[in-house]
Amino acid sequence: MQIASWNVNSVRTRLGHVLSWLDRHTIDVLALQETKVDNPLFPLEPFRERGYDVSIHGQKSYNGVALISRQPLEDVRLGFTGELPGDADAEALGAQKRVISALVDGIRVVNLYVPNGSSLGSEKYSYKLNWLGCLERYLRSAEARDEPLCVVGDFNIGPEARDLHDPDRLTGGIMASEAEREALHQVLGSNLGDAFRLFEPGSGHWSWWDYRSGAWNRDSGWRIDHIYLSRDLQELARSCSIDKQERGREQPSDHAPVMVDLAWDLEEDEEAEESC
């Protein structure tokens, strides 16, 4: 199973890029962030024509997430309240459409667009930390069902120095502050591991390049788009990569897709259970 995550920075603006990319790759599940469109205006048909099932949680001009899958999307859960009904924080944070999850061939795929936080000490920074606190409860609730868990998205956090192009200057600032990193650590708990770091320990691998200051031309990037796997799926991971060339296309998103390949075959699992 190939699962990919991509902050497309407007699905309608980047629709040609996304469809072309899907036509060139064998992707089973594509998680999109920052779709920036209300549900009624999401371009469903081009994906359905290619045989994909689509679930969306959209918002005009801002935020928005979607799951696009070759297999049926089952038990779709929208927002924090889809997992945490009655949770006051989940209700309050739900105005921004940033979370969607579904079961795909028995794997719970959670697609996230974590708030940026703007600047240290700002209201948006406090909102981000509160949002991550709610996400921790959300994931612990999902883990209680013992479903294999794949958590993907734009996390707007560089977890370590090796995830920043200039760690000496950037560490301690927004997206690399101690509080954000600690909140992410709490979110992941003991079960979720970084799929990319299973295969690539080094620095110099970025998923986001700011549109400003010639960041792309100077390769001044960050690795803030992540795929996290539960322990059972980590054992099945065959590769995880960033498709950097997509950032170099004309009128690109400022993010590149991230992909994980899992040795997952539900039919074989079912046959094994029947033979027990």
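Residues numbered from 1 in each chain as written. Predicted model: local features only at pLDDT ≥ 70, side-chain atom pairs only at ≥ 80, totals over all residues. Heavy atoms only, no water.

A short note on the overall build of the protein
This is how it is decided: The numbering of helices and of strands both runs from the N terminus, where a helix is a DSSP run of H or I of at least 4 residues and a strand a run of E of at least 2. Here the radius of gyration uses the C-alpha set of atoms, whereas the globule reference equals 2.2 Å times the residue count to the power 0.38. Burial status follows relative accessibility: with a 1.4 Å probe on protein chains alone, a residue under 20% of its type maximum counts as buried, one over 50% as exposed, and anything between as partly exposed.
If you tally the helices and strands in the protein, you get eight helices and 12 strands. Whereas a compact globule of 276 residues would reach a radius of gyration of roughly 19 Å, the protein reaches 18 Å, a difference of no more than 12%. With respect to the three principal axes, the spread of C-alpha positions in the protein is 55 × 40 × 40 Å. Counting only residues that meet the buried cut, the protein has 54% of its 276 residues in that class.

Examining helix H1 (residues 15-24)
Selection rule: Directions pointing from the helix axis toward each C-beta atom define the arc. Contacts are assigned to residue pairs with any non-hydrogen atoms lying within 4.5 Å of each other.
Taken as a whole, H1 has its buried residues at Leu 15, Val 18, Leu 19, Trp 21 and Leu 22. Buried residues of H1, seen end-on, are gathered within an arc of 160° and therefore sit on one face of the element. Across from the buried face of H1, at angles greater than 90 degrees, the exposed residues are Gly 16 and Asp 23. Here the buried face of H1 lies against strand S1 (2-7), strand S2 (29-33), helix H2 (44-49) and strand S12 (258-262).

Looking at unusual backbone geometry
For Asp 105, which is not a glycine, the phi torsion comes out positive at approximately 50°. Relative to the assigned elements, Asp 105 resides in the loop between strand S6 (99-104) and strand S7 (107-113).

Quick look at the packing of helix H4 (residues 123-143) against helix H6 (residues 178-188)
Here is the rule: Convention adopted: a line fitted to C-alpha atoms gives each axis, helices being fitted over their contacting stretch, and angles between N-to-C directions are expressed from 0 to 180 degrees. The scheme is simple: roughly parallel for angles under 35 degrees, roughly antiparallel for over 145, roughly perpendicular for 65 to 115, oblique for anything else. Under the convention adopted here, Pro, Cys and the residues Ala, Val, Leu, Ile, Met, Phe, Trp and Tyr are nonpolar, Asp, Glu, Lys and Arg are charged, and Gly plus all remaining residues are polar.
Close contact between H4 and H6 brings their axes to 8 Å; oriented N to C, the two are set at 10°. As judged from the angle between their axes, H4 and H6 are roughly parallel. Within the contact between the two elements, H4 uses Tyr 125, Lys 128, Leu 129, Leu 132, Leu 135, Glu 136, Leu 139 and Arg 140 and H6 uses Ala 179, Glu 180, Ala 183, Gln 186, Val 187 and Leu 188. Counted by class, the contact of H4 with H6 contains nine nonpolar, one polar and four charged residues.

Topic: the sheet that holds S6
Each strand in a sheet pairs with its neighbour through backbone hydrogen bonds, running either in the same direction (parallel) or in the opposite one (antiparallel). Just so we agree on the cut-off: When DSSP finds at least two bridges between two strands, those strands are taken to pair.
Taken in spatial order, the six strands line up as S5-S6-S7-S8-S10-S9 in an open sheet, and their pairing is mixed. Edge strands, defined here as strands with exactly one partner in the open sheet, are strand S5 (74-78) and strand S9 (192-194). The average undirected angle you get between the axes of adjacent strands in this sheet is 20°. Sheet topology note: the S6/S7 ladder contains six bridges and is antiparallel.

Brief notes about the nonpolar core
Note the following rule: Nonpolar cores are built from buried Ala, Val, Leu, Ile, Met, Phe, Trp, Tyr and Cys residues. Side-chain atoms within 4.5 Å join them into one set.
Ranked by size, the top nonpolar core spans 31 residues in total, and within it Ile 3, Leu 229 and Leu 262 carry the most contacts. Only S2, strand S4 (65-69), S6, S7, strand S8 (149-154), strand S10 (225-230), strand S11 (237-242) and S12 provide two or more residues apiece to this core. Leu 262 has contacts with Met 1, Ile 3, Ile 107, Leu 229, Leu 233, Leu 236, Ala 237 and Arg 238, leaving out every residue within four places of it along the chain. If you look at the next biggest cluster of nonpolar residues, it comprises 25 residues, including Leu 84, Val 110, Leu 112 and Leu 184.

Brief notes about the pairing of S6
Most of S6 is tucked away, with six of its six residues classed as buried. Burial along S6 is two-sided: Val 99, Ser 101 and Leu 103 and Ile 100, Ala 102 and Val 104, pointing in opposite directions, are all buried. What sits between the antiparallel neighbours S6 and S7 is a turn of two residues, in which Asp 105 has the positive phi angle 50°.

As for the packing of aromatic side chains
The following threshold applies: The aromatic pairing rule takes the rings of Phe, Tyr and Trp, using the six-membered ring of Trp, and pairs them if the centres are within 6.5 Å, calling planes under 30 degrees apart stacked, those over 60 edge-to-face and the rest tilted. The rule for a charge over a ring is simple: NZ of Lys or CZ of Arg within 6 Å of the ring centre, and within 35 degrees of the ring normal.
Tallying each qualifying case throughout the model produces seven aromatic pairs. Aromatic pair Phe 42 and Phe 47: ring centres 6.1 Å apart, planes at 35°, arrangement tilted. The residues Phe 42 and Phe 47 share a single accessibility class, namely buried. Feature note: the residues Phe 80, Trp 131 and Tyr 138 constitute an aromatic cluster, connected by ring pairs. Its guanidinium or amino end placed over the ring of Tyr 113, Arg 98 lies 4.7 Å from that ring's centre, counting from NZ or CZ.

Side note on the pattern of salt bridges
The line we're drawing: Counted as salt bridges are all cases of a side-chain nitrogen of Lys or Arg within 4 Å of a carboxyl oxygen of Asp or Glu.
Considering all chains together, one arrives at 23 salt bridges under this definition. For Arg 145, the salt bridge identified is with Glu 83, shortest N-O distance 2.6 Å. Taken as a pair, Arg 145 in the loop between H4 and S8 and Glu 83 in the loop between S5 and helix H3 (88-93) lie far apart in primary sequence, 62 residues in all. Relative accessible area serves as the criterion here: at 6%, Glu 83 is assigned to the buried category. Note that Glu 147 is salt-bridged to Arg 145, the shortest N-O span being 3.1 Å.

Some thoughts on the sheet that holds S2
With mixed pairing, six strands are arranged side by side in an open sheet as S3-S4-S2-S1-S12-S11. Where the open sheet ends on each side, the last strands, each with one partner, are strand S3 (53-57) and S11. Direction aside, neighbouring strands of the sheet carry axes that sit 10° apart on average. For S2 and S4, the ladder comprises five bridges, and the chain directions are antiparallel. Each residue of the ladder has a partner; that of Val 29, found in S4, is Ser 69. In this fold H1 packs onto S1, S2 and S12, with an angle of close to 165° to the strand it touches most, S1.

These values are about where atoms sit, not about what they do.
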